[in-house]
Amino acid sequence: MPAEQPTTSAATRRLLELLDAHAESRAAALIAAREKLAITQMDARALEFIARHPGIRPSGLREHLHITSASVSTLTDRLVRRGLVRRDPDEEDRRATRLTALIDWSADPWSTLSALDSRLERAIAQADPADVDRAAALLETLLDAVDDGR
């Protein structure tokens, strides 16, 4: 006899639907930007992450994207050649490099994604800080559960 599946509550279904809706909105904005720049989805994900974490080391990008060091090198070379990213020597370790995005998030084609993020930031700023902390803790738990499946 197969194990009985847990019943999904209405609140759980609603939360999953809202997470999907957010992911779809963000993905659509990112797709539009990457199509205008004629870059791959991985390049766009990397560029966005570098822009959010200026000065990140390639190893941090590798960890975020879950790709090999060789893939990060190839991807970074491509973004540098396109003039979208700059490599700088690490001040603490001259053998290492730091990555900086050279894009203007307020300009086309990134402005749609930037506007979406700004609206979310304003909504979060208006929420009760305790609710924000609880939501962040819940999202961390959900992301940990998803990451466990990798």
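Throughout, a residue's number is its position along its own chain's written sequence, starting from 1. In keeping with the model being predicted, local features are shown solely for residues with a pLDDT of at least 70 and side-chain atom pairs are shown and tallied solely at 80 or more, while totals for entire chains, interfaces and linings include all residues. Working from all heavy atoms in the structure, the side-chain values ignore hydrogens and water.

Novice: Would you take a moment to explain the nonpolar core for this structure?
Specialist: As a rule of thumb, soluble globular proteins bury nonpolar side chains together. Counting residues in each nonpolar core, the largest one holds 25 residues, and the members touching the most others are L47, I50, L61, L75 and W110. Helix and strand labels come from DSSP, where a helix needs a run of H or I of at least four residues and a strand needs a run of E of at least two; each type is numbered from the N terminus. Contributions of two or more residues to this core are made by α1 (10-37), α2 (41-52), α3 (58-65), α4 (69-81), β2 (97-101) and α5 (111-126). In contact with L75, other than residues within four places in its own chain, are M42, D43, A46, L61, L65 and I67. We define a nonpolar core as any set of buried Ala, Val, Leu, Ile, Met, Phe, Trp, Tyr and Cys residues linked to one another through side-chain atoms lying within 4.5 Å. A 1.4 Å probe rolled over the protein chains alone gives each residue an accessible area, and that area as a share of the maximum for its type sets the label: buried under 20%, exposed over 50%, partly exposed in between. Pairs of residues are marked as contacts when any of their non-hydrogen atoms sit within 4.5 Å.

Novice: What am I meant to see in the environment of S69 here?
Specialist: You can see S69 is positioned in helix α4. In this structure S69 comes out as partly exposed when scored by relative accessible area, which is 48%.

Novice: Even after reading the chapter, I still don't get the side chain of R26, so can you show me in this structure?
Specialist: If you trace the backbone, R26 turns up in helix α1. The class for R26 is buried, based on a relative accessible area of 15%. Look past the residues within four positions of R26 in its chain and what remains in contact with it is E48, R52, L113, L116 and D117.

Novice: What is the right way to look at the packing of α1 against α5 in this model?
Specialist: Between two packed helices, the angle of one axis relative to the other and the distance separating the axes together describe the packing. Contact geometry of α1 with α5 gives a least axis separation of 8 Å together with a crossing angle of 150 degrees. It follows that α1 is roughly antiparallel to α5 by the angle criterion. Between α1, through H22, S25, R26, A29 and L30, and α5, the contact on the second element is made entirely by T112, L113, L116, D117 and L120. To get an axis, fit a line to the C-alpha atoms, keeping to the stretch in contact for a helix; angles then go from 0 to 180 degrees between the N-to-C directions. An angle counts as roughly parallel when it lies under 35 degrees, as roughly antiparallel when it exceeds 145, as roughly perpendicular when it falls between 65 and 115, and as oblique in every other case.

Novice: How should I be thinking about the pattern of salt bridges in this particular structure?
Specialist: When the charged atoms of two side chains lie near each other, side chains of opposite charge can form a pair. The salt bridge criterion pairs a side-chain nitrogen of Lys or Arg with a carboxyl oxygen of Asp or Glu, the two atoms within 4 Å. Applying the stated criterion across every chain yields a total of 13 salt bridges. Measuring nitrogen to oxygen at the nearest pair gives 2.5 Å for the salt bridge that ties R26 to E48. Taken together, the positions of R26 in helix α1 and E48 in helix α2 put the pair 22 residues apart, joining distant regions of the chain. According to the relative accessible area criterion, E48 is buried, its value standing at 10%. Where D43 meets R78, a salt bridge forms, and the shortest distance between an N and an O atom there is 2.7 Å. One end of the pair, D43, is in helix α2; the other, R78, is in helix α4, and 35 residues separate them in sequence. You can call D43 buried: its relative accessible area is 2%. According to the relative accessible area criterion, R78 is partly exposed, its value standing at 29%. One salt-bridge network, in which partners are shared between bridges, spans R26, E48, R52 and D117.

Novice: Just to check I follow, could you spell out unusual backbone geometry for this structure?
Specialist: Both trends apply: most residues other than glycine have a negative phi, and most peptide bonds are in trans. With a phi close to 55 degrees, A38 is a non-glycine residue in the positive phi region. Within the element layout of this structure, A38 appears in the loop between α1 and α2. Of note, the phi angle at H66 is positive, near 60 degrees, even though the residue is not glycine. Examined against the element boundaries, H66 turns out to sit in the loop between α3 and α4.

Novice: Even after reading the chapter, I still don't get the environment of D133, so can you show me in this structure?
Specialist: Considering the arrangement of structural elements, one finds D133 in helix α6 (residues 129-148). Residue D133 is classed as exposed on the basis of its relative accessible area, which comes to 55%. The spacing of D133 and A123 is 10 residues in sequence and 14 Å in space, taken between C-alpha atoms.

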